[in-house]
Amino acid sequence: MNIHHPLLAEELNNIAALNLPWDDLAGKTVAVTGATGLVGSYLLRALDAIDRAHSLKLRLIALCRKPEAARERLSGMENLSILPYDACAPLDADFRADYVVHAASNAHPLAFSTDPVGTMQANLLGTMQLLERVRATGGRLLFLSTGEIYGENPALASFDEHSFGSVDPMRFRACYPESKRAAETLCASYVQQYSVDALVARLTYTYGPTITKENSRADAQFLRCALEGRDIVLKSPGSQVRSYCYAADSASALLTLLLKGASGEAYNVANPDCSVSIREYAQTLADLAGVQLVFDLPPEAERAGYSAVTRAVLDPGKLMGLGWRAAYDLRMGLAHTLEISR
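Residues numbered from 1 in each chain as written. Predicted model: local features only at pLDDT ≥ 70, side-chain atom pairs only at ≥ 80, totals over all residues. Heavy atoms only, no water.

Chemist: Teacher, can you tell me more about the overall build of the protein here?
Modeler: Secondary structure summary: the protein contains 12 helices and 13 strands in total. Each principal axis of the C-alpha atoms in the protein carries an extent, and together these give about 50 × 45 × 40 Å. Within the protein, buried positions represent 55% of all 342 residues. Excluding contacts between residues fewer than 6 apart, the proportion of contacts in the protein whose partners are at least 24 apart in sequence is 79%. Within the structure as shown, the protein displays about 14500 Å² of accessible surface, and the carbon and sulfur contribution to it stands at 51%. The centroid of the 32 positive side-chain charges in the protein is displaced by 2 Å from the centroid of its 38 negative side-chain charges. (Helix = DSSP H or I, 4+ residues; strand = E, 2+ residues; numbered from the N terminus. Buried < 20%, exposed > 50% of the residue type's maximum accessible area, 1.4 Å probe, protein only. Contact = heavy atoms within 4.5 Å. Areas by Shrake-Rupley, 256 points an atom, 1.4 Å probe, with all protein chains shown as cover. Lys, Arg positive; Asp, Glu negative; His and termini not counted. Charge placed at Lys NZ, Arg CZ, Asp CG, Glu CD.)

Chemist: Help me out: how do you make sense of the pairing of strand 9 (residues 241-246) in this one?
Modeler: Within strand 9, 6 of the 6 residues are buried, which leaves it mostly tucked inside the rest of the structure. Taking every second residue as pointing to the same face, both faces of strand 9 are buried, with V241, S243 and C245 on one and R242, Y244 and Y246 on the other. Of the pairings in the sheet, the one linking strand 7 (residues 205-207) to strand 9 comprises 3 bridges and is parallel in character. Looking at the pairing, T206 lines up with C245 of strand 9. Summarising the sheet, strand 9 and strand 11 (residues 275-277) pair through 3 bridges and their orientation is antiparallel. Bridge pairing in strand 11 links S243 to S275. Inspection of the sheet shows strand 9 paired to strand 13 (residues 311-312) by 2 bridges, in the parallel sense. Its bridge partner being in strand 13, V241 is matched across the sheet by R311. (Pairing = 2+ DSSP bridges.)

Chemist: Even after reading the chapter, I still don't get the layout of surface pockets, so can you show me in this structure?
Modeler: Take a probe with the size of a water molecule and roll it over the atoms, and the empty space left behind shows itself. Each pocket or cavity is described by its volume, and for the second largest pocket that value is around 290 Å³. If you trace the second largest pocket, you find 16 residues lining it, with R45, D48, R52, G76 and M77 closest to the centre. Elements that contribute at least two residues to the lining of the second largest pocket include exactly helix 1 (6-16) and helix 2 (38-54). The dominant element in the lining of the second largest pocket, judged by the number of residues it contributes, is helix 2, at 5 residues. (1 Å grid on protein atoms, 1.4 Å probe; cavity = no way out; pocket = protein on both sides within 12 Å on 5 of 7 lines; lining within 4 Å. Points joined across faces, edges and corners; volume = space filled by probe spheres on them.)

Chemist: For this particular structure, what's the right way to read the packing of helix 7 (residues 218-227) against helix 9 (residues 278-289)?
Modeler: When two helices pack together, their arrangement is captured by the angle between the axes and the distance separating the axes. In contact at an axis separation of 10 Å, helix 7 and helix 9 are set at 15° when each is read in the N-to-C sense. Relative to helix 9, the element helix 7 lies roughly parallel. Of the two possible hands of crossing, helix 7 and helix 9 adopt the one that is right-handed. Residue-level contacts link D219, F222, L223 and A226 of helix 7 to I278, Y281, A282, L285 and A289 of helix 9. Partitioned by chemical class, the residues of the contact of helix 7 with helix 9 number 8 nonpolar, no polar and 1 charged. (Axes fitted to C-alpha atoms, helices over the stretch in contact; angles between N-to-C directions. Parallel < 35°, antiparallel > 145°, perpendicular 65-115°, else oblique. Left-handed = near helix turned anticlockwise from the far one by under 90°. Nonpolar A, V, L, I, M, F, W, Y, C, P; charged D, E, K, R; others polar.)

Chemist: Hey, could you run me through the nonpolar core in this one?
Modeler: Generally speaking, nonpolar side chains in soluble globular proteins are found buried as a group. Judged by nonpolar contacts, the single largest core of 76 residues is most densely connected at L25, L44, L47, L142, I232, L255 and L257. If sequence neighbours within four positions are ignored, L255 has contacts with I15, L20, W22, L43, A46, L47 and I50. By size, the runner-up hydrophobic cluster in this structure holds 24 residues, among which are L131, C187, A198 and V200. (Core = buried A, V, L, I, M, F, W, Y, C linked by side-chain atoms within 4.5 Å.)

Chemist: Could you clarify how one ought to interpret the state of the cysteines in this entry?
Modeler: The bond known as a disulfide is covalent and runs between the sulfur atoms of two cysteines. In this structure the tally under the stated criterion is 0 disulfides. Of all cysteine sulfurs, the one in C88 lies closest to C187, which takes part in no disulfide; the gap is 16 Å. With no disulfide of its own, C274 lies 7.7 Å from the sulfur of C245, the closest cysteine sulfur. (Disulfide = S-S within 2.5 Å.)

Chemist: Any chance you could explain the pattern of salt bridges here in plain terms?
Modeler: Pairing is possible between side chains of opposite charge, provided their charged atoms come close. On inspection of all chains with the given rule, the structure shows 10 salt bridges. The residue E148 makes a salt bridge to R173 at a minimum N-O spacing of 3.0 Å. Of this pair, E148 sits in the loop between strand 5 (140-146) and helix 6 (175-194) while R173 sits in the loop between strand 5 and helix 6, and the two are 25 residues apart along the sequence. There is no split in this pair, since E148 and R173 are both buried. When the shortest N-O distance is used, the salt bridge between K318 and E265 registers 2.5 Å. Here K318, found in helix 11 (residues 317-320), pairs with E265, found in the loop between helix 8 (247-260) and strand 10 (266-269); they are 53 residues apart in sequence, far enough to count as distant. (Salt bridge = Lys/Arg side-chain N within 4 Å of Asp/Glu carboxyl O.)

Function cannot be inferred from these measures alone, as they are strictly geometric.
Below, the structure is given as structure tokens:
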């Protein structure tokens, strides 16, 4: 990703110009786990831009397993501290932050199939340790969950925060949605029993220029093909319908929740105008990149980690009630992704 690309600067400046109570962040410390991931790294970039635009004197902390990768991925941020972080290990006794965003988790199919235990540990142990720290020191925790917690329910056109489908807990692929569900319940339990300030963001399929090289999700593979001028390979008929959300819109949504969301509540994060089939997503990207869309079957290990859900459309009405609006439709978001990634 080109961190100096004018399109990225424009996106970050637009976020900083949003009508949010930025003064609530003045002099505060914001910590983000999973800081080198797609969502965590973009969120930190946005916070850095907000700090510069509003002279907030923010202190930003990036918590991640690979500090050397973070220094490269998050370069140019003078107000940033990078700390080694293992979601399964105890936190440093001196750690404290006014706002904590827990974004650390395996989040792509190959990781689910090769490390389902580690996936569950990061979501369960990591969330509990952060909740304990917020309980002891104060502050607010925003846990990043997933729309996959809704499972499969073909009878519903979309999921709001009170509707659910089925997840088979005996499939190892359930390591992701089931551990996210349990972590959400941990948050709700700490709110109820200890009055901890915690809330949940249920993210849909987020895409953008901060996607990592390790990501084996279909859209990540599409992007790599497009950037290399190769045909985009679709490893299924692509009929599954998903909600998508561009990274800049996801970041503005998370900032809205940090500053305006209610403790003990969960909020869907999705673009209401961006629910398309995987094939439509791939075709849009192929058209923008000037390549062809072709079909092929994936390796067994990769296919084993795929979601079996046929329709995963999230209703973001509750989030929009806080004043949030998506700014990037699919074509614009993918065009920005291509340009900034180049």
